[in-house]
Amino acid sequence: MKKPLVVGNWKMNLDYVEALHLVQQVGVMLKNKPVEHVDVVLVPPFVDLRSVTSIVESERIPVGVGAQHVNANDAGAHTGEVSVAMLKRLNVGWVIVGHSERRAAYAMSDDVVVATLRQVVRNGVRAVLCVGEVLEVRDEGGENDFVKAQLVSALKGLDPKYHELVSVAYEPIWAIGTGRNATSEQVADMTTHIRSVLAGLAMPGIHVLYGGSVNAENAGTLMAEGRVDGFLVGGASLKAESFLSIVQSCNDCYDGKR
Ligand code: 13P
């Protein structure tokens, strides 16, 4: 079993003052009850990153910090966008690439996903690549082909020296923010499928996460039965208690299975 990875995607929530409160709470709770066996990453909005990385560094909080998106270009006339170099300067070590909300609402095509992922890893930053189908695709039984196509499109031909910088998050769109998480069986089937696609791309060792209505109640079961290497958490990452109980579930599960 790989060391679990739990990534908290705050989406467009929490201004920088609220962000500071949450990070401080996470820091205190991790100090009181350390988690040895989980890598934890917080992913705030861009405008919070400076204050979050500062406090993580000054208080030595054992978490990574990520961004929710980045532009695929180095610099230049891209109004409203942010570059990987800017993120690196803030010690941001992770970027979520191709989240379904960006694909659907901000026209992020497969081509832009590939370009973004390569730009991230070329700069030595870790990428969490999101894949997942809409409900109509699952209802027709097309989820495996759909997810395979997304993976192949994003990862085929990636230089092997960058493989270790990539994680994959399976986030079925029908489970995001709906309170309807995929069942452990659906998650286990899909993570098995994703691992076989990754093996076909000569990327066997990478983390496969699940995201979609993960909470303190379902995390333990999804971890134990869903054969995931961790979670990409949305809503439940906005409160220190719920986020850290998900982290704790992963820690306990890893401890029990080692
Ligand atoms: P929820 O956990 O709120 O369903 O969001 C999942 C997600 O999209 C994380 O990136």
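Note that the structure is a prediction, hence the values are computed from the model and not measured.

## Regarding the packing of helix H5 (residues 110–122) against helix H7 (residues 143–155)
Look at H5 against H7: their axes get within 8 Å of each other, and the N-to-C directions meet at 50 degrees. In terms of orientation, H5 and H7 fall into the oblique class. Two packed elements cross with a definite hand, and for H5 against H7 that hand is right-handed. Here Asp110, Val113, Val114, Leu117 and Arg118 of H5 lie close against H7, whose contacting residues are Ser153, Ala154 and Leu155. Residue classes in the contact of H5 with H7 are distributed as 5 nonpolar, 1 polar and 2 charged.

## Points about the nonpolar core
Among the nonpolar cores identified, the biggest contains 73 residues, and Leu129, Leu151, Leu155, Val168, Ile194, Tyr210 and Phe231 are the most heavily contacted of them. Looking at this core, the element that brings in the most residues is helix H10 (residues 240–257), giving 7 residues. Not counting the four nearest positions on each side in its chain, Leu129 is found in contact with Val97, Arg103, Val113, Leu117, Leu151, Ala154, Leu155, Ser167, Val168 and Ala169. One finds Leu5, Val7, Trp94 and Leu232 within the second-largest nonpolar core, a separate group that totals 11 residues.

## Some thoughts on the side chain of Asn218
Take Asn218: it is sitting in the loop between strand E7 (208–210) and helix H9 (219–225). Those residues within four positions of Asn218 in sequence are excluded, and the remaining contacts are Asn181 and Ser213.

## Some thoughts on helix H2 (residues 49–58)
Every buried residue of H2 is accounted for by Leu49, Ser51, Val52, Thr53, Ile55 and Val56. Buried residues in H2 make contact with helix H1 (16–32), strand E3 (64–67) and helix H3 (84–89). In the segment just after H2, Arg60 is the residue with positive phi, at about 45 degrees.

## Details of unusual backbone geometry
Residue Ala202 is not a glycine yet carries a positive backbone phi of 60 degrees. Positioned with a positive phi, Ser213 is a non-glycine residue whose angle comes to about 55 degrees. Counting through the fold element by element, Ser213 comes out in the loop between E7 and H9. On the accessibility criterion, Ser213 (17% relative accessible area) is buried.

Cut-offs applied
Here the residue numbers are simple positions, counted from 1 along each chain's written sequence. Local features in this predicted model are restricted to residues of pLDDT 70 or higher, and side-chain atom pairs are both shown and tallied only at a pLDDT of 80 or more, whereas totals for entire chains, interfaces and linings draw on every residue. Hydrogens and water are ignored here; the side-chain numbers use all heavy atoms of the structure. Here, axes are lines fitted to C-alpha atoms. For helices the fit covers the stretch in contact, and angles between N-to-C directions go from 0 to 180 degrees. Elements are defined by DSSP. Helices are runs of H or I of four residues or more, strands are runs of E of two residues or more, and each kind is numbered from the N terminus. Angular relationships are summarised with four words: roughly parallel below 35 degrees, roughly antiparallel beyond 145, roughly perpendicular across 65 to 115, and oblique for the angles in between. Two helices that cross are described as forming a left-handed crossing if the nearer one is turned anticlockwise from the farther one by less than a right angle, and a right-handed crossing if clockwise. Contacts are assigned to residue pairs with any non-hydrogen atoms lying within 4.5 Å of each other. Charged residues are taken to be Asp, Glu, Lys and Arg, nonpolar residues to be Ala, Val, Leu, Ile, Met, Phe, Trp, Tyr, Cys and Pro, and polar residues to be all remaining types, Gly included. Only buried Ala, Val, Leu, Ile, Met, Phe, Trp, Tyr and Cys residues count toward a nonpolar core, and they belong to the same one when joined by side-chain atoms within 4.5 Å. Partly exposed residues are those whose accessible area sits between 20% and 50% of the maximum for their type, while under 20% is buried and over 50% is exposed, using a 1.4 Å probe and protein chains only.

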